[in-house]
Amino acid sequence: MLRIPSKSPKQPLELWGYEGSPYVMRVKELLCSLELPYVYRTVPKFATDKRKEYSKRFAHMVPSYRKNLGLIQVPLLVDPNNNVEMLETNDIMEYLNKNYKIGEVLNESFSDYTTQGAGEGHYTADS
């Protein structure tokens, strides 16, 4: 799946996560397929300042057992267009599809894309 027809939000979405999380990756892939603009806020394990910012803004959403251990929860999606903040990968994906998807997945593959217009520095199969 490469592209899914979607309506564009007035303001970019905000996704909080960290590299290596398979849950964050699923949401990122859907955001890209829907071609939705978003800001990615990384909160790696030892990034104290970033995690403090996360906790300051979203502590009310994180389960108490995670807070007590000093943990956060990702992915977290913020949609300023609908005043939505949410956790849980499946819930986020359902929300994105419900609110931004406007058509069926296009029947296309990478072979549908050409290298027309590529500069001399680009490698093509014909080179």
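Please refer to the structure higher up on the page.
Everything quoted here is computed from the prediction, not taken from an experiment.

1. Some thoughts on the nonpolar core
The tendency in soluble globular proteins is for nonpolar side chains to be buried as a group. Tyr54, Leu76 and Leu96 are the most contacted members of the largest nonpolar core, which totals 28 residues. Of all the elements in the fold, those that place two or more residues in this core are β1 (13-17), α1 (22-33), α2 (48-58), β3 (76-79), β4 (84-87) and α4 (89-100). Here this core gets five residues from one element, more than from any other, and that element is α4. Those residues in contact with Tyr54 that sit more than four places away from it in its chain are Trp16, Val43, Ala59, Val62, Ile72, Gln73, Leu76 and Leu87.

2. Observations concerning the side chain of Glu14
Tracing the sequence through the fold places Glu14 in strand β1. A distance of 2.8 Å separates polar atoms of two side chains, one belonging to Glu14 and the other to Trp16. In terms of polar contacts, Glu14 uses its side chain to reach the side chain of Arg41, at 3.2 Å. Other than its neighbours up to four places away in sequence, Glu14 contacts Val39, Arg41, Arg57, Leu76, Leu77 and Val78.

3. Some points on the environment of Arg57
The topology assignment puts Arg57 in helix α2. Engagement of the side chain of Arg57 in a polar contact is seen with the side chain of Glu14, the distance being 3.0 Å.

4. Here's the deal with the packing of aromatic side chains
Going through the model one piece at a time under the given rule, you end up with three aromatic pairs. Here Trp16 and Tyr54 contribute two aromatic rings whose centre-to-centre distance is 5.8 Å and whose plane-to-plane angle is 70 degrees, an arrangement assigned as edge-to-face. Of this pair, Trp16 sits in strand β1 while Tyr54 sits in helix α2; the two residues are 38 residues apart in sequence, bridging distant segments of the chain. In this pair, the class of Trp16 matches that of Tyr54, namely buried. Connected via pairs of aromatic rings, a cluster forms that spans Trp16, Tyr54 and Phe58. The cationic tip of Lys28 hangs over the ring face of Tyr40; the distance from NZ or CZ to the ring centre is 4.3 Å.

What counts and how
- Here the residue numbers are simple positions, counted from 1 along each chain's written sequence.
- Selection of residues for local features in this predicted model requires a pLDDT of at least 70, selection of side-chain atom pairs for listing and counting requires 80 or more, and totals for whole chains, interfaces and linings are taken over all residues.
- Side-chain figures throughout are based on the complete set of non-hydrogen atoms in the structure, without hydrogens or water.
- Take the buried Ala, Val, Leu, Ile, Met, Phe, Trp, Tyr and Cys residues and link them wherever side-chain atoms come within 4.5 Å; each set so joined is a nonpolar core.
- In this scheme, a residue with accessible area under 20% of its type's maximum is buried, one over 50% is exposed, and one in between is partly exposed, where area comes from a 1.4 Å probe on protein chains only.
- Only DSSP runs of H or I with at least four residues qualify as helices, and only runs of E with at least two residues qualify as strands; both kinds are numbered from the N terminus onward.
- Contacts were defined at the residue level, with two residues in contact if any of their heavy atoms lie within 4.5 Å.
- N or O atoms closer than or at 3.5 Å make up a polar contact, with two conditions inside protein: a donor-capable atom paired with an acceptor-capable one, and, for residues adjacent in sequence, both atoms drawn from side chains.
- Between 30 and 60 degrees the pair is tilted, below 30 it is stacked and above 60 it is edge-to-face, where a pair is any two Phe, Tyr or Trp rings, Trp via its six-membered ring, whose centres lie within 6.5 Å.
- Criterion for a charge above a ring: Lys NZ or Arg CZ within 6 Å of the ring centre, and within 35 degrees of the ring normal.

None of this, on its own, says anything about what the molecule does.
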